[in-house]
Amino acid sequence: SQQGEEDPQALSIQEGENATMNCSYKTSINNLQWYRQNSGRGLVHLILIRSNEREKHSGRLRVTLDTSKKSSSLLITASRAADTASYFCATGTQGGSEKLVFGKGMKLTVNP
Amino acid sequence: GAVVSQHPSWVICKSGTSVKIECRSLDFQATTMFWYRQFPKQSLMLMATSNEGSKATYEQGVEKDKFLINHASLTLSTLTVTSAHPEDSSFYICSARILARSYNEQFFGPGTRLTVL
């Protein structure tokens, strides 16, 4: 399967609920990043977590990283309709490579 | 800060023509720029890595003669789709890595939608 796969692929929730997205990867990483993409637009960087970190917060976002399980989760608390977008995880690998490997993405719909 | 622009935002061209897409870092210098393509409802696929003053490094399966990349300065990279065909229709996104950053956070442009008739 592909490096950086998000689970679930699509999620629909009500405003105010929390949304959790999971990402799994296969190789050793230097960091893992989460991006957001509104339909037909570019990507917006949300948060980066390094391989030696386990949890990170930014506003309503909480990211965890479990390198032993090669997985990460993105939690959006108190969701808003404006959070409706596609979310991607991307991994930066060890060894000096600058490349990011993107997951398949997850479509989040927050209903007002 | 860290704004990346792309031009044009969309383009429609006839089959067989060439199309140039520009990617600019507006308020920072980018040692490295990346070009991705994205098909509808799919993820981003890296096409090539562009370093200022040197030849681009293409990913496996990407034709370098078809997708010409020029990284002429620390703030500008261009992607030229040569002899475009309908199967080249896609959303092309560039990103830039900030000089001297110790990790590979990338800042993305808004994308260019290419439609080849």
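Our subject is the structure listed above.
Residues numbered from 1 in each chain as written. Chains lettered and ligands numbered in written order. Predicted model: local features only at pLDDT ≥ 70, side-chain atom pairs only at ≥ 80, totals over all residues. Heavy atoms only, no water.

**Examining the overall build of chain A**
On a plain count of helices and strands, chain A comes out with zero helices and eleven strands. With 112 residues in all, chain A has 44% of them scored as buried. Long-range contacts, defined here as pairs at least 24 residues apart, represent 56% of the contacts in chain A between residues at least 6 apart. A total accessible area of about 5200 Å² is found for chain A, and carbon and sulfur atoms account for 45% of it. (Helix = DSSP H or I, 4+ residues; strand = E, 2+ residues; numbered from the N terminus. Buried < 20%, exposed > 50% of the residue type's maximum accessible area, 1.4 Å probe, protein only. Contact = heavy atoms within 4.5 Å. Areas by Shrake-Rupley, 256 points an atom, 1.4 Å probe, with all protein chains shown as cover.)

**Side note on the interface of chain A and chain B**
Interface size, as often reported, equals the accessible area lost upon joining of the parts. Facing 20 residues of chain A, the contacting portion of chain B comprises 23 residues. Summing the contributions of chain A and of chain B, the shared interface buries around 1600 Å²; its carbon and sulfur component is 51%. There are one salt bridge connecting chain A and chain B. Across the salt bridge formed by A:Lys99 and B:Glu59, the nearest N and O atoms sit 3.2 Å from each other. Across the contact surface, chain A and chain B share five residue pairs in polar contact (both at pLDDT 80 or more). At the level of secondary structure, the elements contributing two or more residues to the side of chain A that touches chain B comprise β4 (29-37), β5 (43-50), β9 (85-93) and β10 (100-102) of chain A. Classifying every residue of the side of chain A that touches chain B gives six nonpolar, nine polar and five charged. (Buried area = accessible area lost by both parts, 1.4 Å probe. Salt bridge = Lys/Arg side-chain N within 4 Å of Asp/Glu carboxyl O. Polar contact = N/O pair within 3.5 Å; in protein donor to acceptor, adjacent residues only side chain to side chain. Nonpolar A, V, L, I, M, F, W, Y, C, P; charged D, E, K, R; others polar.)

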